[in-house]
Number of protein chains: 4
Amino acid sequence: MPHEQHTALINTLHECMEACNHCFDACLEEDDVKMMAGCIRLDRECADICGYLEQALGRGTPFASELASVCAKICEECGNECKQHDHDHCQKCADACFKCAEECKRFAA
Amino acid sequence: MPHEQHTALINTLHECMEACNHCFDACLEEDDVKMMAGCIRLDRECADICGYLEQALGRGTPFASELASVCAKICEECGNECKQHDHDHCQKCADACFKCAEECKRFAA
Amino acid sequence: MPHEQHTALINTLHECMEACNHCFDACLEEDDVKMMAGCIRLDRECADICGYLEQALGRGTPFASELASVCAKICEECGNECKQHDHDHCQKCADACFKCAEECKRFAA
Amino acid sequence: MPHEQHTALINTLHECMEACNHCFDACLEEDDVKMMAGCIRLDRECADICGYLEQALGRGTPFASELASVCAKICEECGNECKQHDHDHCQKCADACFKCAEECKRFAA
């Protein structure tokens, strides 16, 4: 099964996408939405690239390494933004992003 | 957490997307690719809508029911095509599609 | 060319996606982001489904009608939200959404 | 309007996505589908990344350059595969891919 070696990364990407989408959703419900604008923006970027890479790995893309490398960068910037906010959803999102950035970097190497 | 009630469906969508992408990939490696053309086409349709709905549920989309209803139909047609082929990847994909179609239908109702 | 009959709709979807993404981006830069939260959320929903349907029509999806019907609904709700806001990007987005909703509805019928 | 400077690239990406999706669709209808397997696979990769980058540029992604760089590589490989096939849809797709690869490279630089 061509994507078996990618299963661990696919799961991590999935968790990161979920955390980012939940954070996006929750940020839009916060009292101070303005303070969360950067977070909302990066949550979408990060959820979208994680979802994209999941799909691409699952179908045996020949560009796994290049895509993982971009994904690592986006996860890292999203994590850096999220960790500045005290909301539980931001902190959890930051954790998921940093974990995913690490795995993407290792995979791309 | 707004998407918690959707967790079961998200997991099923994820498994269906994975099965479809694996089937897409494997069909393209078969000896008789021509016989698999319908399968290849529907695998992409189905993987894409499952991935889309996963993302949408995760961010608390207000259109969950409408999207699940379309997804159910696509899963069903992909399952019907796949189950006609003896390849292991097609049979597994058909199972994942029918399971996902059922859950989407129940969710949309 | 299988997608030629869809060219007009594809162009309208493309314009709507562009208007929604621009509105998403601009809403996040407004002074009162909180007031724009519903707009930000629906802009993403609408941009994503328009982009999805564009792709699907271009590859000759067998589910054009079902997808256009969901897209029409999402465009309409996004248009309804956007037209309540005076910002130029919201008004332009509402116009693009209503035009796209109409064409999707006609196409789906 | 944040995405105005990106309009030319967005149009090129759109044309490339359309050409790839049409080629994907047409390859699946050819007599010798097996010979087109590589083309079918790369058409999907290329259509998906072009569609993704279109969306991302439209919303003012902070990762435009990194994404354009990956997109350039995928377009180039898709173009290289397509130009080996005499079908009109493959030749047109190759042209669109090479044009898009060039613009992405210039943009990323």
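Reading the values: rules and limits
Residues numbered from 1 in each chain as written. Chains lettered and ligands numbered in written order. Predicted model: local features only at pLDDT ≥ 70, side-chain atom pairs only at ≥ 80, totals over all residues. Heavy atoms only, no water. Contact = heavy atoms within 4.5 Å. Buried area = accessible area lost by both parts, 1.4 Å probe. Salt bridge = Lys/Arg side-chain N within 4 Å of Asp/Glu carboxyl O. Polar contact = N/O pair within 3.5 Å; in protein donor to acceptor, adjacent residues only side chain to side chain. Helix = DSSP H or I, 4+ residues; strand = E, 2+ residues; numbered from the N terminus. Nonpolar A, V, L, I, M, F, W, Y, C, P; charged D, E, K, R; others polar. Least-squares fit on C-alpha atoms with pLDDT ≥ 70 in both. Phe/Tyr/Trp six-rings, centres within 6.5 Å; stacked < 30°, edge-to-face > 60°. Buried < 20%, exposed > 50% of the residue type's maximum accessible area, 1.4 Å probe, protein only. Lys NZ or Arg CZ within 6 Å of the ring centre and 35° of its normal. Expected span 1.5 Å × (residues − 1). Axes fitted to C-alpha atoms, helices over the stretch in contact; angles between N-to-C directions. Parallel < 35°, antiparallel > 145°, perpendicular 65-115°, else oblique. Left-handed = near helix turned anticlockwise from the far one by under 90°. 1 Å grid on protein atoms, 1.4 Å probe; cavity = no way out; pocket = protein on both sides within 12 Å on 5 of 7 lines; lining within 4 Å. Points joined across faces, edges and corners; volume = space filled by probe spheres on them.

An unreviewed UniProt entry lists chain A under the name Four-helix bundle copper-binding protein, from Salipaludibacillus keqinensis.

It is worth spelling out the interface of chain C and chain A at this point. In this complex, chain C contributes 15 residues to the contact, which on the side of chain A involves 15 residues. Both faces considered, chain C and chain A share a buried interface measuring about 1400 Å² in area, 47% of it formed by carbon and sulfur atoms. Applying the counting criterion to the chain C and chain A interface returns six salt bridges. A salt bridge links C:R44 to A:D48; its shortest N-O distance comes to 3.1 Å. If you look at where chain C meets chain A, you find ten residue pairs in polar contact (both at pLDDT 80 or more). Put simply, the parts of the chain that give the side of chain C that touches chain A at least two residues each are α1 (7–27) and α2 (37–58) of chain C. Considered class by class, the residues forming the side of chain C that touches chain A number six nonpolar, one polar and eight charged.

The transform that puts chain C on chain A rotates by 180 degrees and translates by 0.0 Å along the axis, for an RMSD of 0.0 Å. Such a turn and shift between the copies fits a two-fold axis. Interface overlap between copies is the fraction of interface residues in one copy that are interface residues in the other; for chain C against chain A it reaches 100%, indicating a shared surface.

On the side of chain B, 20 residues touch chain A, which itself brings 20 residues to the contact. The contact between chain A and chain B buries some 1700 Å² in all, and 51% of this surface belongs to carbon and sulfur atoms. Our count for the chain A to chain B interface comes out at seven residue pairs in polar contact (both at pLDDT 80 or more). Of all elements in the fold, only α1 (7–27) and α2 (37–58) of chain A reach the threshold of two or more residues within the side of chain A that touches chain B. In terms of residues, the side of chain A that touches chain B owes the most to one element, α1(A), which gives nine residues.

Inspection of the entire model under this criterion finds four aromatic pairs over all chains. Ring geometry for A:F24 versus C:F24: centroids 6.5 Å apart, planes at 15 degrees, classification stacked. With A:F24 in helix α1 and C:F24 in helix α1, this residue pair bridges two chains. What makes A:F24 buried here is its relative accessible area of 1%. A cation over an aromatic ring shows up here: A:R44 above the ring of C:F24, its NZ or CZ 4.5 Å from the ring centre. Between the NZ or CZ atom of A:R59 and the centre of the ring of A:Y52, over which it lies, the distance is 6.0 Å.

Moving on: helix α4 (residues 88–108) of chain B. Two residues of an α-helix separated by three or four positions point the same way, owing to the 3.6 residues in each turn. Residues and elements named next belong to chain B. Here α4 is 21 residues long and its end C-alpha atoms lie 30 Å apart, about the 30 Å a rise of 1.5 Å per residue gives. Among the residues of α4, H89, C90, C93, A94, A96, C97, C100, A101, E103 and C104 are the ones counted as buried. Contacts made by the buried residues of α4 are with α1 (7–27), α2 (37–58) and α3 (64–82).

All names here are of chain C. As a packed pair, α1 and helix α4 (residues 88–108) sit with axes 9 Å apart at the nearest point and diverge in direction by 150 degrees. Put simply, α1 runs roughly antiparallel to α4. Our pair here, α1 against α4, has a crossing hand that is left-handed. Judged by residue contacts, A8, L9, T12, L13, E15, C16, A19, C20, H22, C23, A26 and C27 of α1 engage H89, C90, C93, A96, C97, K99, C100, E103, C104 and F107 from α4.

On to helix α3 (residues 64–82) of chain D, then. With 19 residues, α3(D) ought to run about 27 Å at 1.5 Å a step, and its terminal C-alpha atoms sit 26 Å apart, in line with that. Within α3(D), the full set of buried residues consists of D:A64, D:L67, D:A68, D:V70, D:C71, D:A72, D:I74, D:C75, D:C78, D:G79, D:E81 and D:C82. Along its buried surface, α3(D) packs onto α2 and α3 (64–82) of chain A together with α1 (7–27), α2 (37–58) and α4 (88–108) of chain D.

Gaps left between atoms are located by rolling a probe of water-molecule size over the structure's atoms. Tallied over the entire structure, the rule returns one cavity of 30 Å³ or more. Looking at the largest cavity, its volume works out to about 610 Å³. Along the walls of the largest cavity sit 27 residues, with A:Y52, B:Y52, C:Y52, D:D48 and D:Y52 positioned nearest its centre. Those elements giving two or more residues to the lining of the largest cavity turn out to be α2 of chain A, α2 of chain B, α2 of chain C together with α2 of chain D. Within the lining of the largest cavity, the residues separate by chemical class into eight nonpolar, eight polar and eleven charged.

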